[in-house]
Amino acid sequence: MIHAFSMHGQNLVLDVNSGAVHVFDDVAFRVLKCFGQDGRPDNEKLAELGKNLTQEEIQEAVGEIQSLIDSGLLFSGDPYEEYLPKWSKKTVIKALCLHIAHDCNLRCRYCFAGGGEYLGKRSLMSLEVGKKAIDFLIENSGNRRNLEVDFFGGEPLMNFDVVKGIVEYARSREQETGKNFRFTITTNVLLLDKEKRDYINKNMQNVVLSIDGRKEVNDAMRKRIDGTGSYDRILPLAKAMAEERGHKDYYVRGTFTRNNLDFSKDVLHLADEGFEQISIEPVVASADSGLDIREEDVPRVCEEYERLAKIYVERRAGGKWFNFFHFMIDLEGGPCIAKRLRGCGSGTEYLAVTPEGDLYPCHQFVGRPEFLLGSVFEGLNGNPVREEFKSSNVYEKPECRSCWAKFYCSGGCAANAWKFNRDIRKPYRVGCELEKKRIECALWIKAQEQNGSDVV
């Protein structure tokens, strides 16, 4: 399988199964379109090309394309389809998302968690529950040494003493168990004073700082309880943390909605404010919210991604360097086979823990009884839905099986699939289209960084 596309005057061809990316000149690109997905040329289509190209041009391009095919770099076979049925690797739990606070000091208009309540009541995790969560993770991690714990909310800084207690408890158990913990915290920044920053900088391997971009965009969505905006408070605190961390091991994370489809301006605003690690992601909202990205919006959003990609390359080349999360792609190694085929591991390797200690597949399923998987006190409850997550992969999803982007998106987000289709194996269509465009942009950016090498 191949995927061929053009962007900003350049023709790129991805060989899906090998991961090889080629830059084609216009003649070779036209000739390639005469090949079927089986790697064989259609002689009738080639003959039609003869009306505009010479036979010498056509045959030269055919020869170059055939050389790539013979080298296994074009129309290559699928290395995983036959292997997957034999894949019996036992999964272990390697990460937990701890809902330290089902409460928040913001009332963001697009919040999937209902202002922190998660279909329930406002509550804070106790240190007892946090310690049991660490014990549960150790006991269910098998021989895996490196474990991850994400502190999440609501707003985790509203319960920061418990965050510190859990970190200290986990560290105390590392030596006796041979485990190594890596911590991440996601915060809306309002309470991120110097004392908390110092602790986080010393103990957290990664920090996610929430801000939506321009002041007017951020304050329209990310409001305090009293209805006032949050931008003026959070911007200087977020900048202080980014600087203290040497602009590494953090990222500012925002959301764009139907109200700001010109979101590239928000990305560039954050870059101009000095942030070097940036993520602005499309909202996942219901149709009645008025904020949702709709199918008719997809062409506009895709154009915006292409615009951003061009500016991104220009700025990085000109010394105004920054990373945009969705344009980061590894063409050399890439994700391991498990992540390529299964994705984030929600429901199997990755679970969410509520303040009361209940277990769910991930933070977006919390509060939905059909997805309750047990508790840190009693262990897993045998809910068969966990087997659905375990067996879910790109080959079990009809839309993904034949999609060129499957090894990059790994089948998309299970929570979004369930939200829109009530089926974790049926991907969210709008999300798929935007992900494919982001991958195209990332591939184009790589081609620019490598100066168009391997031109056919």
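Worth saying up front: this structure is predicted, and the values here are computed from it rather than measured. (Residues numbered from 1 in each chain as written. Predicted model: local features only at pLDDT ≥ 70, side-chain atom pairs only at ≥ 80, totals over all residues. Heavy atoms only, no water.)

Caption draft 1: Broad picture of the packing of aromatic side chains. Counted according to the given criterion, the structure contains 17 aromatic pairs. Ring geometry for phenylalanine 160 and tyrosine 199: centres 5.7 Å apart, planes at 85 degrees, overall edge-to-face. With phenylalanine 160 in helix H5 (residues 160-177) and tyrosine 199 in helix H6 (residues 194-203), this residue pair connects regions lying 39 residues apart in the sequence. Each ring, one from phenylalanine 324 and one from phenylalanine 327, has its centre 4.8 Å from the other, and the planes form 70 degrees; the classification is edge-to-face. Neither phenylalanine 324 nor phenylalanine 327 differs from the other in exposure class; each is buried. Chaining the aromatic ring pairs together yields one cluster made of Phe256, Phe263, Tyr305, Tyr312, Phe322, Phe324 and Phe327. (Phe/Tyr/Trp six-rings, centres within 6.5 Å; stacked < 30°, edge-to-face > 60°. Helix = DSSP H or I, 4+ residues; strand = E, 2+ residues; numbered from the N terminus. Buried < 20%, exposed > 50% of the residue type's maximum accessible area, 1.4 Å probe, protein only.)

Caption draft 2: A look at the confidence of the model for the chain. When pLDDT is averaged along the chain, the result is 91; 94% of the residues meet or exceed 70. Per-element averaging of pLDDT across the chain places helix H11 (residues 337-342) at the bottom with 64 and helix H4 (residues 127-139) at the top with 98. This stretch, residues 452-456, has a pLDDT under 50; its non-local contacts, to residues over four places away or in other chains, come to 15 contacts. (pLDDT = per-residue confidence, 0-100. Contact = heavy atoms within 4.5 Å.)

Caption draft 3: Structural context of the pairing of strand S4 (residues 95-99). With five of five residues buried, S4 lies mostly within the body of the structure. Here S4 shows two buried faces, one formed by Ala95, Cys97 and His99 and the other by Leu96 and Leu98. In the sheet, S4 pairs with strand S7 (residues 146-152) via five bridges, with the strands oriented parallel. Bridge pairing in S7 places histidine 99 opposite phenylalanine 152. (Pairing = 2+ DSSP bridges.)

Caption draft 4: Geometry of the sheet that holds strand S2 (residues 10-15). Pairing is antiparallel across the open sheet formed by three strands, whose spatial order is S1-S2-S3. Of all strands in the sheet, those bounded by a partner on one side alone are strand S1 (2-7) and strand S3 (21-24). Here the average twist between neighbouring strands, direction ignored, is 25 degrees. As paired elements, S1 and S2 share six bridges and run antiparallel to each other. Note on S2: the bridge partner recorded for histidine 3 is leucine 14. (Axes fitted to C-alpha atoms, helices over the stretch in contact; angles between N-to-C directions.)

Caption draft 5: Just the packing of helix H9 (residues 264-272) against helix H10 (residues 298-317), in detail. The contact between H9 and H10 brings their axes to 9 Å, and the two run at 25 degrees. When the axes of H9 and H10 are compared, the pair comes out roughly parallel. Here H9 contributes Ser264, Lys265, Val267, Leu268, Ala271 and Asp272 to the contact with H10, which in turn contributes Glu304, Arg307, Leu308, Ile311 and Arg315. Each residue belonging to the contact of H9 with H10 can be placed in one class, and the counts come to five nonpolar, one polar and five charged. (Parallel < 35°, antiparallel > 145°, perpendicular 65-115°, else oblique. Nonpolar A, V, L, I, M, F, W, Y, C, P; charged D, E, K, R; others polar.)

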